[in-house]
Amino acid sequence: MTFVPTDGKRKRVFIRTYGCQMNVYDSDRMADVLRPLGYALSDSPEQADLVVLNTCHIREKASEKVYSELGRLRDVKAERRREGSDLTIAVAGCVAQAEGEEIAKRQPAVDIVVGPQAYHRLPQLLAEAERRGAIRRAGKRLPGAGVLDTEFPPESKFDHLPAPGGVRAGSAFLSIQEGCDKFCTFCVVPYTRGAEYSRPAESILQEARALVAAGAVELTLLGQNVNAYHGEAPSGSAGGSTWSLGRLVRALAEIDGLARIRYTTSHPRDMDDDLIAAHGEVVQLMPYLHLPVQSGSDRILEAMNRGHGRDLFRRLVDRLRERRPDLALSSDFIVGFPGESDADFDATMQLIDDVGFAAAFSFKYSRRPGTPGAALPDQIPESVKTARLAALQALLARQQRDFNAAKVGATVPVLFAEPGRKPGQVLGKSPWLQSVYVEGPASLIGSIASVRLTEAHAVSLAGEIVPPLEAAA
Ligand code: SAH
Ligand code: SF4
Ligand code: F3S
């Protein structure tokens, strides 16, 4: 038995993804990188020759999950070795970048540790892991702990990735920007993803065209600070040497067959006039914006190093709604940042009340090693964080319910993505990213159909296809 099945044989890789959409994109791209080596995707670690954990470091819980999963994989690997075969274990993503060698030390069963900007090198790393496997099987001592690649490489991975392998259900992610230079005092991203980088516009347009040709009707542009995008303009294009996100969105809107454009995650400081205008002018740009604000207290925003206050956020929302009155907003909130008083928390609740959100993500502050926030005095007790989070989530849930209820009776385009929970149902997304389910055939998946919304629930809506399918046939 060989360490990794010999070339030419079918090999299987299981990829588990934690964290944000950028990791989802990266996991797909890792599958693309591994495909020419003969790796097909597997549904479970038990059936795989290679397991990749694409990890998230954003909060302590996310990070710790990885180690418990690695413990389980160690047992699978030990079992394999008893049977005379093996399992290669790779840790990718943000924990890999943040903790590097520590991972292989804490869990020696790990073979490969590769950062989020270096996974285009997986073929070389696997070859090296295989070489180490041969040394181990020969009964010799292995030098060092695993195969590590966690330096930020000088080259951009985007210049070394194969074309995307396919599109699921009409919708695709497209990373256009990576990394962050903003250094919010709670956040690990600038350390795990590195400095802000924008892909050249031409390479994005090429990937977008390929995705649309492969069946995408919706593209979600991704970046840790996606609206800080300032990529090299295509040669010969008018209007300066770099493109902003607004300009890129307008160019993407010219691709035939692309019905929906979204982008995430944006930062309030980078919402420029052109992007705000695009929300009113580009019909393909969906009326939904995820714009994290974190807190409604100026004092806390300052301590977080967000670089803006509550009023800037409020003004932005007003300007966006002027351009696009039906714009739905979502946001991220952190409760219990060091020093957050009752009055600070009330200011956040007030902001939520004033703005009205269609959806939101909210978290208890998690103290992250190496970030300035971790060293601040006046850390907030867990019980206070728990109570504040519950109050905040109750308010946000109420707003989401109200937002959904207000759409009942409307007829809206829905992009169907997957089978529903009950047989005969299909589930999709409205322009405002609401989950909508209807009675209908699975053949709807991947396409957009008109749906009359009939009933609102807490986090989804029921609807019916209009005109009725028989009439349309
Ligand atoms: N670039 C985005 C956010 C990326 S991280 C932005 O600037 O808004 C996604 C979300 O995780 C953040 O918006 C924040 O709400 C949350 N988050 C980040 N670090 C955190 C921490 N240490 N504790 C709790 N939540 C955190
Ligand atoms: Fe993290 Fe702030 Fe950068 Fe967002 S802007 S990724 S929260 S440092
Ligand atoms: Fe997590 Fe890294 Fe995304 S820390 S949220 S996977 S950028």
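Think of each chain on its own: its residues are numbered from 1, step by step along the sequence as written. Chains carry letters from A onward and ligands carry numbers from 1 onward, assigned in written order. At least 70 in pLDDT is required for a residue's local features to be given in this predicted model, at least 80 for side-chain atom pairs to be given and counted, and no such filter applies to totals for whole chains, interfaces and linings, which use all residues. Calculated side-chain values reflect all of the structure's heavy atoms, with hydrogen atoms and water omitted.

Q: Go over the layout of surface pockets, please, and point to the residues and values.
A: With a 1 Å grid spanning the protein atoms alone, the term cavity applies to any set of points in which a 1.4 Å probe fits but cannot get out, the term pocket to an open set with protein on both sides within 12 Å along at least five of seven lines, and the term lining residue to any residue with an atom within 4 Å of a point. Grid points are joined across faces, edges and corners, and a volume is the space filled by probe spheres set on the points. If you add up the space inside the second largest pocket, you get close to 440 Å³. The set of elements that each furnish at least two residues to the lining of the second largest pocket consists of α2 (60-82), β16 (359-364) and α13 (382-406). No other element matches the four residues that α2 contributes to the lining of the second largest pocket. When residues are assigned to domains, the lining of the second largest pocket turns out to be shared by domain 1 (11-149) and domain 2 (157-406), each giving three or more. Put simply, DSSP H or I for four residues or longer makes a helix, DSSP E for two residues or longer makes a strand, and each gets a number counted from the N terminus. Residue ranges for the domains trace back to a domain assignment, done automatically or taken from a database.

Q: I'd love a proper account of the site of ligand 3, names of residues and values included.
A: Around ligand 3 sit Cys 20, Asn 23, Thr 55, Cys 56, His 57, Ile 58, Cys 94, Arg 193 and Gln 224, and those are all the residues in its vicinity. When residue character is reported, Ala, Val, Leu, Ile, Met, Phe, Trp, Tyr, Cys and Pro are called nonpolar, Asp, Glu, Lys and Arg charged, and the others, Gly included, polar. Across the shell around ligand 3, the residue classes tally to four nonpolar, four polar and one charged. Whether a residue is near a molecule or strand depends on its heavy atoms: if one lies within 4 Å, it is near.

Q: Got a sec to walk through the sheet that holds strand β19 (residues 435-439)? Specific residues and values, please.
A: Here five strands make up a closed barrel; going around it, the order is β17-β18-β19-β21-β20 and the pairing mixed. When strand polarity is set aside, the average angle formed by the axes of neighbouring strands in this sheet is 55°. When DSSP finds two or more bridges between a pair of strands, those strands are recorded as paired. Each axis is a line fitted through C-alpha atoms, taken for helices only over the stretch in contact, and angles between the N-to-C directions span 0 to 180 degrees.

Q: An account of the domain arrangement of the protein chain is needed here, citing residue identities and associated values.
A: When its domains are assigned, the protein chain resolves into domain 1 (11-149), domain 2 (157-406) and domain 3 (411-472). Note on contacts: a residue pair is in contact if any heavy atoms of the two residues lie within 4.5 Å. Opposite the 23 residues of domain 1 that make contact, domain 2 presents 30 residues. A combined buried area of about 2300 Å² lies between domain 1 and domain 2, and 58% of that area is made up of carbon and sulfur atoms. Salt bridge, as used here: a side-chain nitrogen of Lys or Arg that lies within 4 Å of a carboxyl oxygen of Asp or Glu. Between domain 1 and domain 2 we count four salt bridges in total. Each of two parts loses accessible area, computed with a 1.4 Å probe, when they are put together; buried area is these two losses added.

Q: Help me get a handle on the side chain of Ser 198, residues and values and all.
A: Relative to the helices and strands, Ser 198 resides in strand β9 (residues 197-198). In this structure Ser 198 comes out as buried when scored by relative accessible area, which is 10%. Nitrogen and oxygen atoms within 3.5 Å of one another constitute a polar contact, given that in protein one can donate a hydrogen and the other can accept it, and given that sequence-neighbouring residues count only through two side-chain atoms. Side-chain polar atoms of Ser 198 contact the backbone nitrogen of His 230, separated by 3.0 Å. Relative accessible area decides the class of each residue, using a 1.4 Å probe on protein chains only: under 20% of the type maximum gives buried, over 50% gives exposed, and in between gives partly exposed.

Q: Account for the pattern of salt bridges, with residues named and values stated.
A: Taken as a whole and judged by the stated rule, the model has 36 salt bridges. Put simply, Asp 26 and Arg 193 hold a salt bridge, and the shortest N to O gap is 2.9 Å. Here Asp 26 is found in helix α1 (residues 21-34), whereas its partner Arg 193 is found in the loop between α6 (189-192) and β9, with 167 residues between them in sequence. One salt bridge connects Arg 168 with Asp 28, and the closest N-O pair in it is separated by 3.0 Å. Linking Arg 168 in the loop between β6 (147-149) and β7 (171-175) with Asp 28 in helix α1, this pair joins segments that are 140 residues apart in sequence. Looking at Asp 28, the relative accessible area reads 31%, which means it is partly exposed. Through salt bridges with shared partners, a single network forms among Arg 29, Asp 32, Arg 35, Arg 199 and Glu 207.

Q: Give a detailed account of the site of ligand 1, specifying residues and quantitative values.
A: Around ligand 1, 16 residues are found, and the nearest of them are Phe 186, Gln 224, Gln 294, Asp 332 and Ser 366. At 3.2 Å, a side-chain N or O of Arg 306 approaches an oxygen atom of ligand 1. For ligand 1, whose unbound accessible area comes to 550 Å², protein coverage reaches 90%. Only the protein chains shown count as cover for residues, with accessible areas throughout obtained via the Shrake-Rupley method and a probe of 1.4 Å.

Q: Go over the nonpolar core, please, and point to the residues and values.
A: We call a set of buried Ala, Val, Leu, Ile, Met, Phe, Trp, Tyr and Cys residues a nonpolar core when their side-chain atoms join them within 4.5 Å. Counting residues in hydrophobic clusters, the biggest one holds 53 residues, and the most contacted among them are Ile 176, Leu 221, Leu 245, Leu 248, Leu 252, Tyr 263 and Met 271. Ranked by residues supplied to this core, first place goes to helix α7 (residues 201-213) with six residues. Leave out the neighbours within four places in its chain, and Tyr 263 touches Leu 221, Val 226, Leu 245, Met 271, Leu 275, His 279, Leu 285 and Leu 289. Among the nonpolar cores identified, the runner-up in size contains 25 residues, and Val 13, Ala 31, Leu 50 and Ala 129 belong to it.

Q: Now, about the environment of Phe 416: what can you tell me, with residues and values included?
A: Checked against the element boundaries, Phe 416 lands in strand β17 (residues 411-419). Along the backbone, Phe 416 and Ser 447 are 31 residues apart, and their C-alpha atoms lie at a distance of 5.8 Å.

Q: Residues and numbers for the environment of Arg 74, please.
A: Relative to the elements of secondary structure, Arg 74 occurs in helix α2. On the basis of relative accessibility, which here comes to 40%, the residue Arg 74 falls in the partly exposed class. Distance from Arg 74 to Gln 107, taken between C-alpha atoms, is 8.0 Å for residues 33 residues apart in sequence. Every residue in contact with Arg 74, bar those within four places of it in the chain, is listed here: Ile 89, Gln 107 and Ala 109.

Q: Outline the packing of aromatic side chains, supporting the account with residue identities and numerical values.
A: Centre distance and the angle of the planes are the two values used to describe a pair of aromatic rings. Here a Phe, Tyr or Trp ring, Trp counted by its six-membered ring, pairs with any other such ring whose centre lies within 6.5 Å, and the pair is stacked when the planes are under 30 degrees apart, edge-to-face when over 60, and tilted otherwise. Within this structure, the stated rule accounts for six aromatic pairs. With centroids separated by 5.5 Å and ring planes inclined at 85°, the aromatic side chains of Phe 333 and Phe 357 adopt a geometry described as edge-to-face. Here the residue Phe 333 occupies a position in strand β15 (residues 328-335), and Phe 357 occupies one in the loop between α12 (342-355) and β16, the gap between them amounting to 24 residues. In terms of burial, Phe 333 and Phe 357 fall into one category: buried. Centre to centre, the rings of Phe 337 and Tyr 365 are 5.3 Å apart; their planes meet at 70°, and the pair counts as edge-to-face. Here Phe 337 is found in the loop between β15 and α12, whereas its partner Tyr 365 is found in the loop between β16 and α13, with 28 residues between them in sequence. This pair shows no difference in class: Phe 337 is buried, exactly as Tyr 365 is. Here a set of aromatic residues connected by ring pairs shows up, and it is made of Phe 186, Phe 337 and Tyr 365.

Q: Requested: an account of unusual backbone geometry, with residues and values cited.
A: Along the chain, Thr 264 connects to Thr 265 via a cis peptide bond; the corresponding omega equals 0°. The peptide bond linking Val 466 to Pro 467 adopts the cis configuration, its omega dihedral lying at -10°. If you trace the backbone, Pro 467 turns up in the loop between β21 (460-465) and α14 (469-472). At Gln 294, a position not held by glycine, the phi torsion is positive, near 75°. Inspection of the secondary structure puts Gln 294 in the loop between β14 (288-290) and α10 (298-303).

Q: Tell me about the sheet that holds strand β5 (residues 112-114), and please be specific about residues and values.
A: The strand order across the open sheet built from six strands is β2-β1-β3-β4-β5-β6, with neighbouring strands paired in parallel fashion. Only two strands of the sheet have a single neighbouring strand rather than two, namely β2 (39-41) and β6. Along the sheet, successive strands turn relative to each other by an average axial angle of 20°, direction set aside. Examined bridge by bridge, strand β4 (residues 88-92) and β5 share three bridges and lie parallel to one another. Each residue of the ladder has a partner; that of Ala 92, found in β5, is Val 114. Relative to strand β3 (residues 50-55), α2 is tilted by about 175°, and along the sheet it contacts β1 (11-17), β3 and β4.

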